Amino acid sequence: MTITGIFDSVAVEGGCPYLQTDDKTRYEVIYPGGWQLDRGATTLRNPDGKVVATGGETITVRGQLAIDVASICQIGPIFGATEVVTIAR
């Protein structure tokens, strides 16, 4: 499954980042190993530690819904990304 959405965050529990798709669904994304979210600053770092996305940018990820995972954010479905495909700055 592939989803594309606007990277943003809500100020709950220290920040809850999500991707919001065109149909307004908010997906909380678990990024692949090595990728890091800064929840307070709404930034995404690649495995090299470089900031590759900030709030308002469009990200496309591949993976599947993570139906066996819970979150304190409770902002929408949880998506387990296996790959970050593109980031549009």
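Asker: What's the story with the sheet that holds strand β4 (residues 36–38) in this structure? I'm lost.
Answerer: A sheet is described by the order of its strands in space; here three strands give the open sequence β4-β5-β6, paired in antiparallel fashion. Every interior strand has two partners, whereas the edge strands, β4 and β6 (51–54), have only one. Looking at each pair of strands side by side, their axes are set apart by 25° on average, direction ignored. Across three bridges, the pairing between strand β5 (residues 43–45) and β6 is antiparallel. From the neighbouring strand, Thr43 faces β6, where its bridge partner is Thr54.

Asker: Looking at this structure, how should I read the sheet that holds strand β3 (residues 26–30)?
Answerer: In a beta sheet, neighbouring strands are held together by backbone hydrogen bonds and run either parallel or antiparallel to one another. Reading around the circumference, β1-β2-β3-β8-β7 is the order of the five strands in this closed barrel, with mixed pairing throughout. Ignoring which end each strand starts from, the neighbouring axes of this sheet average 55° apart. Across eight bridges, the pairing between strand β7 (residues 58–65) and strand β8 (residues 78–88) is antiparallel. Directly across from Arg62, in β8, lies its bridge partner Glu83.

Asker: It is not clear to me how a nonpolar patch on the surface should be interpreted in this structure. Could you clarify?
Answerer: Residues Met1, Leu65 and Ile67 make up a contiguous nonpolar surface patch of about 350 Å² in total accessible area. Within the fold, Leu65 resides in strand β7.

Asker: In this structure, what is going on with the state of the cysteines? I would like to understand it.
Answerer: Disulfide: a covalent bond connecting the sulfur atoms of a pair of cysteines. In total, this model carries one disulfide according to the counting rule given. The disulfide partner of Cys16 is Cys73, and the gap between their sulfur atoms is 2.0 Å. Across the S-S bond of Cys16 and Cys73 the torsion is about -85°, and the bridge reads as left-handed. On the criterion of sequence distance, the pair formed by Cys16 in strand β2 (residues 16–20) and Cys73 in the loop between β7 and β8 is long-range, its members being 57 residues apart. Owing to a relative accessible area of 0%, Cys16 belongs among the buried residues under this scheme.

Asker: Is there a simple way to explain unusual backbone geometry in this structure?
Answerer: Glycine aside, the phi torsion of most residues is negative, and most peptide linkages are trans. The backbone of Thr42 sits at a positive phi, close to 50°, despite the residue not being glycine. Looking at where Thr42 falls in the secondary structure, it is placed in the loop between β4 and β5. Look at Thr42 and you get buried, because its relative accessible area is 13%. Positive phi values are uncommon outside glycine, yet Gln74 reaches one of about 50°. Mapped onto the elements of the fold, Gln74 is located in the loop between β7 and β8.

Thresholds applied
Residues numbered from 1 in each chain as written. Predicted model: local features only at pLDDT ≥ 70, side-chain atom pairs only at ≥ 80, totals over all residues. Heavy atoms only, no water. Pairing = 2+ DSSP bridges. Helix = DSSP H or I, 4+ residues; strand = E, 2+ residues; numbered from the N terminus. Axes fitted to C-alpha atoms, helices over the stretch in contact; angles between N-to-C directions. Patch = residues over 30% accessible without salt bridge, like charges linked within 9 Å, V, L, I, M, F, W, Y side chains within 5 Å. Areas by Shrake-Rupley, 256 points an atom, 1.4 Å probe, with all protein chains shown as cover. Salt bridge = Lys/Arg side-chain N within 4 Å of Asp/Glu carboxyl O. Disulfide = S-S within 2.5 Å. Buried < 20%, exposed > 50% of the residue type's maximum accessible area, 1.4 Å probe, protein only.

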